[in-house]
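For reference, the chains in residue letters:
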Amino acid sequence: MSQAHVDARGGPDLPSRISGGAPADSRAPDDRPLSEYEAESHAAEASFRVGPPTRVGVEIEWLVRDESDPAWPVTGERISTALEPGPMPGGGRISLEPGGQIELSSSPQPSLDRCIEAARLDVALLRDTAAEAGLVLAGAGVDAYRAPHRALQHPRYVAMERYFDRSGHWGRIMMCSTASIQVCVDPGDDSPGSAGIRHRWALAHRIGPVLLAMFANSPHHGGRSTGWASTRQLAWSRLDAWRTRPPEHGADCDPRESWSRYVMDAPVMCVRREEPADWVIPDGMTFRDWTRGALDPAPTAADLDLHISTLFPPIRAHGTHLELRMLDAQPDDGWAVALAVTTALLDDPTASARAWEHTEQLARSAAAAPPYAWWLRAARFGLAEPLLRETARSLMAAALDALPGMGVSPQVFTDAVEFAYRYTDRGRAPGDDLPAAAAREGIRDAATVR
């Protein structure tokens, strides 16, 4: 979990201040062209750096609103000027997303409790700084009020917008109107057990749709109900399937080979060009095509790394860590519960074994269904779907049993128990609290968004 973080939409942060764009273009020391074989090897090895699972990190995103009116536009300039808190007490980094969302990337920590403690320090400072500027950090998966508007002008985001505009409006919603929690855990080692990368890769995909449903928190967008529990995940599902759907992840799958094929066969979103030239938007060219001469000049390792950063599956291989990206942003300090539950299910051996067992029926059902079907059912129905509801209850019980032994504070454990009682045990998620608030704020019901 490197502190040289690159966010899901691709914008690196800068340690000295909030940044909305990439730093000055830099090429890898080795600029020589990559062969197809070299690109495959680089994608496989660089994305899974093995070792015993010991570290955890979290990336927390918020929508930024004016405290007097949640529908009022807030410019990127206002946000970047206001939210410059200086060095973060917990060691995290701050970045600005394309639509003006704020992201905190925690420092990687050797345990769950230390990760939560460090992130809490940074979150408190950010909230205080925002309040002084008349801004609110809103924990919701999608903006319920404002239309998507890109606040950043870096060539990367211009190119992304042009690429996604080819297939409709969902790309702008994803870039500018969504916020999430991303849990970062070690990939694991090469052992055959629960600490091995094969098991952790498969288990992360098995629990992913259930976590999506448990923490769904985005039922409204554009001033109306969408009919989806997670409109944020709906937006992702409407984008280029080659870069947003999961790669192969069965129990017998080799994660390195699966990820390498996924990378090589995904369309290239954009190719860097020196300013003032616009970045190139290829038409359907995969990275494999590029290594075979489809575009001059031939790609380098830097081009491959850029391409990998534009792939957005629910679980992404990041070299030093796996990034679980299916969680909607949560209200208040709900991010800590989402982080604790997810980490417990992957890192505690007993909880991991129980999670595997409890997801067996779901995994069999998913194997017989069209690809991505259960991710869509989770986004559409949340815990109203019976199998997801029952599986979620079992996973939450396993996580709660594990958390005291993982050293979390009494407050975190109490918050997780209260979350289970208020939501999971009752077949509800945080987004189910929003209709009453939406009615007070004038958000209307509407036909399901398709």
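The rules behind each value
- Residues numbered from 1 in each chain as written.
- Predicted model: local features only at pLDDT ≥ 70, side-chain atom pairs only at ≥ 80, totals over all residues.
- Heavy atoms only, no water.
- Axes fitted to C-alpha atoms, helices over the stretch in contact; angles between N-to-C directions.
- Helix = DSSP H or I, 4+ residues; strand = E, 2+ residues; numbered from the N terminus.
- Parallel < 35°, antiparallel > 145°, perpendicular 65-115°, else oblique.
- Left-handed = near helix turned anticlockwise from the far one by under 90°.
- Contact = heavy atoms within 4.5 Å.
- Nonpolar A, V, L, I, M, F, W, Y, C, P; charged D, E, K, R; others polar.
- Phe/Tyr/Trp six-rings, centres within 6.5 Å; stacked < 30°, edge-to-face > 60°.
- Buried < 20%, exposed > 50% of the residue type's maximum accessible area, 1.4 Å probe, protein only.
- Lys NZ or Arg CZ within 6 Å of the ring centre and 35° of its normal.
- Salt bridge = Lys/Arg side-chain N within 4 Å of Asp/Glu carboxyl O.
- Polar contact = N/O pair within 3.5 Å; in protein donor to acceptor, adjacent residues only side chain to side chain.
- Pairing = 2+ DSSP bridges.

A. Quick look at the packing of helix α1 (residues 36-46) against helix α9 (residues 255-265). Running from N to C, α1 and α9 cross one another at 125 degrees; their axes reach a closest spacing of 8 Å. Classified by the interaxial angle, the pair formed by α1 and α9 is oblique. Taken as a pair, α1 and α9 cross one another with a handedness that is right-handed. In this structure, α1 uses Glu36, Ala39, Glu40, Ala43, Ala44 and Glu45 to contact α9, whose residues at the interface are Arg256, Trp259, Ser260, Val263 and Met264. Classifying every residue of the contact of α1 with α9 by side-chain character gives 6 nonpolar, 1 polar and 4 charged.

B. A look at the environment of Glu84. Its place among the elements puts Glu84 in the loop between α2 (76-82) and β2 (93-96). Through-space distance from the C-alpha of Glu84 to that of Ile94 is 8.8 Å; in sequence the pair is 10 residues apart.

C. Highlighting the packing of aromatic side chains. Across all of its chains, the model carries 9 aromatic pairs by this definition. Arranged with centres 5.5 Å apart and planes meeting at 25 degrees, the rings of Trp259 and Tyr262 form a pair that is stacked. One end of the pair is Trp259 and the other is Tyr262, both in helix α9 and 3 residues apart, which spans about a single turn. Of the two residues, Trp259 and Tyr262, both sit in the buried class. Between Phe419 and Tyr423, the aromatic rings sit 4.9 Å apart at their centres with planes inclined by 55 degrees, giving tilted as the arrangement. Taking relative accessible area as the criterion, Tyr423 reaches 8% and is therefore assigned buried. Here the aromatic cluster, defined as three or more aromatic residues joined through ring pairs, consists of Phe48, Trp201, Trp259 and Tyr262. Above the face of the Trp236 ring, Arg325 is positioned so that its terminal group lies 4.8 Å from the ring centre.

D. Structural context of the pattern of salt bridges. In this structure the tally under the stated criterion is 28 salt bridges. One salt bridge in this structure joins Asp433 and Arg422, with 2.9 Å as the shortest N-O distance. Here Asp433, found in the loop between α17 (410-422) and α18 (434-440), pairs with Arg422, found in helix α17; they are 11 residues apart in sequence, far enough to count as distant. Residues joined in a network through salt bridges with shared partners are Glu36, Glu40, Asp265, Arg288 and Arg292.

E. Spotlight on the side chain of Thr342. When you line up the elements, Thr342 lands in helix α12 (residues 334-347). A polar atom in the side chain of Thr342 sits 2.8 Å from the backbone oxygen of Ala338. In this structure, Thr342 is in contact with Val183, Leu211, Leu324 and Leu327, ignoring residues within four places of it in sequence.

F. Layout of the environment of Gly208. By the element assignment, Gly208 lies in helix α6 (residues 197-214). Linking Gly208 and Trp375, residues 167 residues apart in sequence, is a C-alpha distance of 7.9 Å.

G. Seen up close, unusual backbone geometry. Omega for the bond connecting Glu275 with Pro276 falls within 30 degrees of zero, at 10 degrees, which places this linkage in the cis form. Among the secondary structure elements, Pro276 is positioned in the loop between α9 and α10 (287-291). Here the amide bond leading from Asp296 into Pro297 is cis, since omega sits at -5 degrees, within 30 degrees of zero. Topologically, Pro297 is positioned in the loop between α10 and α11 (301-308). Look at Asp332: it is not a glycine, yet its phi comes out positive at around 50 degrees. Summarising the element assignment, Asp332 is placed in the loop between β9 (322-328) and α12. A positive phi angle, close to 75 degrees, is found at Tyr372, a residue other than glycine. In this fold, Tyr372 is placed in the loop between α14 (360-368) and α15 (373-381). Residue classification places Tyr372 among the buried residues on the basis of a relative accessible area of 7%.

H. Summary view of the pairing of strand β5 (residues 180-185). Across the 6 residues that make up β5, a large majority, 6, are buried. Of the two faces of β5, the one holding Ser180, Gln182 and Cys184 and the one holding Ile181, Val183 and Val185 are both buried throughout. Across 5 bridges, strand β1 (residues 56-66) lies against β5 in antiparallel orientation. Across the sheet, Val56 pairs through a bridge with Val185, a residue of β5. Sheet topology places β5 next to β9; 5 bridges connect them, and they run antiparallel. What sits directly across from Val183, in β9, is Leu324.

Don't take any of this as a statement about function, it's just geometry.
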